[in-house]
Structures are given as C-alpha cells and as structure tokens.
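Geometric and topological summary
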Amino acid sequence: MEKSFVVRGHICYSPVPEKIEIVENGYLVCEDQRVAGVFETLPEQYAALPLTDYGDRLIIPGLSDLHLHAPQYAFRSLGMDMELMEWLNTHTFPEESKYADLDYAARAYEIFANDLKHSATTRAAVFATLHVPATKLLMDLLEQTQVKAFVGKVNMDRNCPDFLCEKDSATSEMDTRRWIEETMGAYKNIQPILTPRFTPACSDDLMERIGRLQKEYHLPVQSHLSENPGEIAFVGELCPDAGFYGETYDRYGLFGANGPSIMAHCVYSGDAEVELMKKRGVFVAHCPQSNLNLASGIAPARKYMDRGLNMGLGTDIAGGYSLSILRAMADAVGMSKMYWRLVDESCRPLSVSESFYLGTKGGGAFFGKCGSFEEGYAADLVVLDDASLPHPQALDVEKRLERVIFLGDERNVFAKYVEGDRVF
Ligand SMILES: [Zn+2]
C-alpha cells in the first residue's frame, strides 16, 4: 500500500491531557497516510512494510500552530519592549504594508516558509495580509513545505492607517471572492480561511459580507478575541448593542455557527462569551508568549480546559517571537503558574502533559484527526534528537521529552512526516 511504513523509536503521545503515553523502543505503523497503531513488538502482518529505525530518538505527533501572522515573521523579536498599540503602529502596520510589493513579499515569505518547514509544526492556521497577490504567493510557498495550512487574506476596512486599509467593504469582499475562487481547491496542502482581522478593523457591513461568503463557500474563520482591555473597551464603543465581544462575530455567523472558527487569545472572555464558545465549538488559540510580550494579560487556559473548550496553542508570530510550538508548550506552563499565583489561586497550573496535549491533539483537532498516534489519526510525526542536550544521568523517556520541550528548538527536529510523506 502506498505511504505505508513503520518507524521505530521512543514513541510519545497524549490521547488525554492528563498523561503522556510512552512506548520505549516501540513501533509506529502507518498505513495509507493514517496511523494503524503503536506496538511494543511489531505484529507479523506489518513485517513486510519498510521500516526506519530512529534508534534512541523520540517520536511525537506533528505539532499544530493555531495562530500566527506570516508577514510579521521578518520583525519577530523587534519592539518586544512595547505594548500592543505602540507595537502595532511602530512595527506591524508599516511592515504589513510592504507586502503590496511582491518582490519584498517573496524575500520575506521565503524565509518564513523555509523556517516553518524545518520546525516541528505540521499543521498551521496563518494570517497573511490584505494583499491578494502576496497572499497567493505565500500559499504557493507554503504548499512546497508540505505543512498542511489554512491561509487567510486579511479583511480590514476601518480604524487602520491609510497605507494598510481596504478602500471599502465592497472592495474587500470583491478581492476576497476573487482570492477564494483562485485558491480554493488549487493546492494539495493549503486551503483558504476567512480572516476578518478583528472587530475594531472590520465595519459591520464588511462582517456581514464575510458572513455571506462563509455561507457561500463553507470556509472556516480565524480572528482575534478579547486580547487586551483597551481593545475590548473599543469594541464596546463600536458595537454598543453587543453583550460581549464574541457577539460581534456571532451575529454574522462567524463564531462557529456556520463553520469551524479559531479565536486567538481569549484573555478576558467572560462567562457568557465562554458559554457561547463552548456551544459553538470555537477553538481557542492560546498564545502564551504573546500574552507576555504584549502585556495583554494571561489567558485562563486551565478554566478553558476544565470547561471542555476546544483549545490549542499558537505562536502568534510576531506577538510571540518564537516559531516553535515546543516553546509555546513551555510558555503555557509558565504563564499558567503566573495566572494561578497572581490572578486566581483556584486555577492550578498546567502540567507538562496538558501543555503537550494542547500542542498536539488539542490544536490538531481543528484539522481533523490530527496530533495523536491513536488508530486512524493522520500520519503526522516528528522525530526529535536530544543528543545535543546531554545529562549526567540516564533519564527516562518522559524526562527527556520534557527537556526537549523546555530546552529544544528546530535544531532538535531530526525528521518530519506529514500525512505519511517524509518532509526531511
Ligand atoms: Zn494575532
């Protein structure tokens, strides 16, 4: 059978948040792009499949990044001493406006695509800019990385600088429609996703038009929600009849009612907003490094987990400067401890296994059966080599995985497969 193979190594995955399943020197069998099973000894029926022995290395499911901005990759780590609004005006908006120039977009997006390819990420939800040609170029480049990604041309028609604002809602809809027609079904790995930037940057009329596009094309949606107190107050002024921020999307069907939706941040979502996210199956993209860097606050990941919300991790490039979801796992643990200490002592910190779950199966669920090695899951896997992280004792596999999460980066990614295809 095509794309059927066996890999051997120390296999680590989390079917549930509470525990990391580990099979030392185990066999992961992939049949026709899907996981067939994890075994301590290889069953006879699979003995004829090609086998790659990764020896003492760790094999984990591919990681999912639920929120990042590709055009911001070039200035990641710059301006990290600013708060959100100053950072947007100094770095984000001027930089994103450069993507009107395709030559610039090619130079920048090539760097981004190459780095994403060599990361542990196998699935991603990506913001581009409002520019259609540059967004298509990004999709072309990401197609080559073999990462399975949703990519969004951004909609924004108000409260933006003149140099980065669509002319009006009708133009925004027309450009978006053209972009969808040109990209939907055009790629093996890449799909379009509707991407209203956030309520402050999208007029009611534009939201209504995006809602109609969703019904017409059945596309998923990604946006931002309840990130920053100033932003939330501004949404209250712009939409005085909305009970809470999430309603400003929900009234146009853009909050999970008419198709899957990812909302990034959710730092200050109140009870009513959380209830609606639960009801609509909205995915929370928890971006701990961005929460810290932009001084947004700390998203209550523990509360959302206990409430049973759909949730995964996001790097939020460039609110977060690291493209690594391993790093996001580490940051999620650290930030949950700050939440517990400073905000609410009833919210116990996340464990490493819970954070590992969010970066694998939690976020992977947005893309279907992804992020686990249970039978039937997509054969997305990453081989981690921790030889560069020596330790004076012989550590067990779980401790070794924990060290790679906290100390590792893309240099520890030894091999990567997406849906059974080996990327490197
Ligand atoms: Zn963002």
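The preceding data block contains the structure.
Model, not experiment: these values are computed from the prediction. (Residues numbered from 1 in each chain as written. Predicted model: local features only at pLDDT ≥ 70, side-chain atom pairs only at ≥ 80, totals over all residues. Heavy atoms only, no water.)

Moving on: the coordination of the zinc ion. Donor atoms from the polypeptide that bind the zinc ion are His67 (NE2), His69 (NE2), His224 (NE2) and Asp316 (OD), placed at 2.0 to 2.7 Å. The sequence motif formed by the donor residues of the zinc ion is H-x1-H-x154-H-x91-D. Of this pair, His67 sits in strand β5 (residues 63-69) while His224 sits in strand β11 (residues 221-225), placing them 157 residues apart in sequence. Note on accessibility: His67 and His224 belong to one class, buried. (Donors = N, O, S within 2.8 Å, 3.2 Å for Na, K, Ca; no water. Helix = DSSP H or I, 4+ residues; strand = E, 2+ residues; numbered from the N terminus. Buried < 20%, exposed > 50% of the residue type's maximum accessible area, 1.4 Å probe, protein only.)

It is worth spelling out a nonpolar patch on the surface at this point. Taken together, the side chains of Met338, Leu342 and Val343 make up a nonpolar region of the molecular surface, amounting to roughly 300 Å² of accessible area. Tracing the sequence through the fold places Met338 in helix α11 (residues 325-343). (Patch = residues over 30% accessible without salt bridge, like charges linked within 9 Å, V, L, I, M, F, W, Y side chains within 5 Å. Areas by Shrake-Rupley, 256 points an atom, 1.4 Å probe, with all protein chains shown as cover. Salt bridge = Lys/Arg side-chain N within 4 Å of Asp/Glu carboxyl O.)

When you line up the elements, Ser372 lands in the loop between α12 (352-364) and β15 (381-384). Taking relative accessible area as the criterion, Ser372 reaches 1% and is therefore assigned buried. The spatial distance from the C-alpha of Ser372 to the C-alpha of Ile210 is 33 Å, given a sequence separation of 162 residues. Ignoring sequence-local partners within four residues, the contact set of Ser372 consists of Tyr13, Pro15, Val35, Pro61, Lys361, Tyr377 and Ala378. Polar contacts involving the side chain of Ser372 include one to the side chain of Glu374, which spans 2.6 Å. (Contact = heavy atoms within 4.5 Å. Polar contact = N/O pair within 3.5 Å; in protein donor to acceptor, adjacent residues only side chain to side chain.)

On to the environment of Met80. One can find Met80 in the loop between β5 and α1 (84-97). Note: C-alpha distance between Met80 and Leu141 (61 residues apart in sequence) is 28 Å.

Counted by the stated rule, this structure contains 31 salt bridges. Where Glu96 meets Arg197, a salt bridge forms, and the shortest distance between an N and an O atom there is 2.8 Å. Separated by 101 residues along the polypeptide, Glu96 in helix α1 and Arg197 in the loop between β10 (195-196) and α5 (204-217) bring together distant segments of the chain. For the pair Glu96 and Arg197, one class covers both residues: buried. Here Lys399 ties to Asp396 by a salt bridge, and the two come within 3.8 Å at their closest N and O atoms. The exposure class of Lys399 is partly exposed, given its relative accessible area of 45%. One network of salt bridges, with partners in common, ties together Glu173, Arg177, Asp205, Arg209 and Glu216.

The end-to-end C-alpha separation of helix α2 (residues 102-117) is 21 Å, in line with the 22 Å expected for 16 residues at 1.5 Å each. Burial in α2 covers these residues: Tyr104, Ala105, Ala108, Tyr109, Phe112, Ala113 and Leu116. The elements touched by buried residues of α2 are β5, α1, β6 (121-127), α3 (132-145) and β16 (413-418). For α2, the N-terminal cap is Asp101; the gap from its side-chain oxygen to the backbone nitrogen of Asp103 is 2.9 Å. (Expected span 1.5 Å × (residues − 1).)

On to the packing of aromatic side chains, then. According to the stated counting rule, one finds 14 aromatic pairs in the structure shown. Relative to Tyr46, the ring of Phe39 lies with its centre 5.8 Å away and its plane at 40°, an arrangement referred to as tilted. Following the ring pairs from residue to residue traces out a cluster consisting of Phe150, Phe283, Phe366 and Phe367. Directly above the aromatic system of Phe414 lies the positively charged group of Arg57, at a separation of 3.7 Å from the ring centroid. (Phe/Tyr/Trp six-rings, centres within 6.5 Å; stacked < 30°, edge-to-face > 60°. Lys NZ or Arg CZ within 6 Å of the ring centre and 35° of its normal.)

Attention now moves to unusual backbone geometry. Ile317 connects to Ala318 through a cis peptide bond whose omega is 5°. Tracing the sequence through the fold places Ala318 in the loop between β14 (310-313) and α11. If you check the backbone angles, Glu419 has positive phi at about 45° while not being a glycine. Among the secondary structure elements, Glu419 is positioned in the loop between β16 and β17 (421-422). The class for Glu419 is buried, based on a relative accessible area of 17%.

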